[in-house]
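# Structure at a glance
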Amino acid sequence: MLAGVSSDFYARLEQARGSDPSESVVAALARVLRCTPDEKDHLFRLAGVPIPSRQVGRHIDPGLRQLAAHLDGLPTCVYNELGEVLYTNALDDALHCRGELRPGRDSNLYWRWFTRPASRDRVPEADRARLSAAHVSDLRATYSRRAEDDQITELVNDLAVHSAEFRMLWDRHDVAVRRADLKDVQHPTVGLIRLRCQLLVTPETGIRMRTLLPLEGTDAAEKLELLRVIGTQQFSEAE
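All of these numbers come straight from a predicted model, not from anything done at the bench.

Scoring rules and cut-offs
- Residues take numbers from 1 onward in each chain, read along the sequence in its written order.
- Given that the model is predicted, a residue must reach a pLDDT of at least 70 before its local features are reported, and side-chain atom pairs must reach 80 or more before they are shown or counted; all residues, however, enter totals for whole chains, interfaces and linings.
- Here the side-chain values reflect all heavy atoms present in the structure, with hydrogen atoms and water set aside.
- Where helices and strands are cited, they refer to DSSP runs of H or I of at least four residues and of E of at least two residues respectively, numbered from the N terminus.
- Summary of the burial criterion: residues with accessible area below 20% of their type's maximum are buried, those above 50% are exposed, and those between are partly exposed, where the area comes from a 1.4 Å probe applied to protein chains only.
- Any two residues whose heavy atoms approach within 4.5 Å at even a single point are treated as in contact.
- Strand pairing is assigned whenever DSSP detects at least two bridges linking the two strands.
- Note on method: axes are straight lines fitted to C-alpha atoms, helices fitted across the in-contact stretch only, with angles between N-to-C directions ranging 0 to 180 degrees.
- Candidate patch residues must exceed 30% relative accessible area and have no salt bridge, after which like charges are joined if within 9 Å and Val, Leu, Ile, Met, Phe, Trp or Tyr side chains if within 5 Å.
- For every accessible area listed, the method is Shrake-Rupley and the probe measures 1.4 Å; residues are considered covered only by the protein chains on display.
- Take a side-chain nitrogen of Lys or Arg and a carboxyl oxygen of Asp or Glu: if they are within 4 Å of each other, that pair is a salt bridge.

### With respect to the environment of Gly73
- Structurally, the position occupied by Gly73 is in the loop between helix 4 (62–69) and strand 1 (76–79).
- The partly exposed category is assigned to Gly73, whose relative accessible area is 39%.
- Distance in space between the C-alpha atoms of Gly73 and Ala90 is 9.3 Å, their sequence separation being 17 residues.
- Gly73 has contacts with Leu91 and Arg228, leaving out every residue within four places of it along the chain.

### Details of the sheet that holds strand 4 (residues 191–201)
- Ordered by their spatial adjacency, five strands build an open sheet running 2-1-5-4-3, and the pairing between neighbours is antiparallel. The sheet is open, and its two edges are formed by strand 2 (85–88) and strand 3 (180–187), each paired on a single side. Ignoring which end each strand starts from, the neighbouring axes of this sheet average 25° apart.
- Pairing geometry for strand 4 and strand 5 (residues 208–214), over seven bridges, is antiparallel. In the sheet register, Leu200 faces strand 5, and the bridge partner there is Met209.
- Sheet strands in contact with helix 10 (residues 220–230) are strand 3, strand 4 and strand 5, and its direction is about 90° off that of strand 4.

### Side note on a nonpolar patch on the surface
- Together, Met1, Leu2 and Val32 make up a nonpolar patch on the protein surface, roughly 380 Å² of accessible area in all.
- Along the chain, Met1 falls in the segment before helix 1 (7–14).

### Side note on helix 2 (residues 23–32)
- Those residues of helix 2 that fall on the buried side of the exposure criterion are Val25, Val26, Ala28, Leu29 and Ala30.
- Once helix 2 ends, the next one or two residues include Arg34, with phi positive near 55°.

### Regarding the pairing of strand 1
- Burial along strand 1 is two-sided: the residues Thr76 and Val78 and Cys77 and Tyr79 are all buried.
- The sheet contact formed by strand 1 and strand 5 spans four bridges and is antiparallel. Paired with Thr76 across the bridge in strand 5 is Thr211.
- Pairing of strand 1 with strand 2 involves three bridges; the strand directions are antiparallel. In the strand pairing of strand 2, Val78 is matched with Tyr87.
- Counting the residues that bridge the hairpin from strand 1 to strand 2 gives five residues, and of these Gly83 lies at a positive phi of roughly 85°.

Here you go:
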């Protein structure tokens with residue numbers, strides 16, 4: 001009754017008899033049965049209908065938030081599939097000379113990289129083309145999963161309007177989810193810091209936690225400790 005189907009139809013559905021259920025019927029049943037996101041995906045697979053994309057994650061679950069809070073000795077940033085930054089710790093802000101996060105596109109990693117030249121100031125010029133390609137291939141993977149999502153479509157269209165570099169890279173159709181990388185940061189006070197970028201991706205929400213670790217065999221650990229002691233007071237965001 002809650003799903004809006006008859007008991008006879010539901011019985012035939014459980015017994016794999018009769019016509020195939022529509023996507024709306026399967027969605028209604030998943031809602032009434034209070035399926036978890038994974039159970040809902042499984043139910044859609046069993047019914048032979050397309051698995052709907054999940055909502056873009058904008059809330060950090062308590063476990064991930066607690067983990068991020070315990071990484072105060074490493075630059076840490078949490079963001080979602082659209083590149084919207086949800087959390088940064090003080091060391092990440094100090095490393096990137098970042099001020100307070102602003103709502104909207106100003107807190108979007110992809111948008112800032114391709115439309116705000118100052119966002120690249122801390123990255124050595126030799127690394128910028130590689131990072132641009134990595135950003136686009138990562139966004140392309142999200143777009144492939146969420147092609148029907150108006151938010152990702154709007155972001156891609158706006159980036160294509162504002163950045164010729166983005167348009168060129170987007171047309172290459174490279175697809176890859178970033179999970180690890182190397183990153184050099186040229187800090188105005190402590191100099192070049194060589195880091196290993198590690199990503200933790202939560203499949204349920206698509207939220208990623210990016211942590212930067214000192215690259216082995218370099219003085220990155222000492223420089224990060226110096227930044228942690230200095231703090232963020234003397235740094236302001238470059239516009």
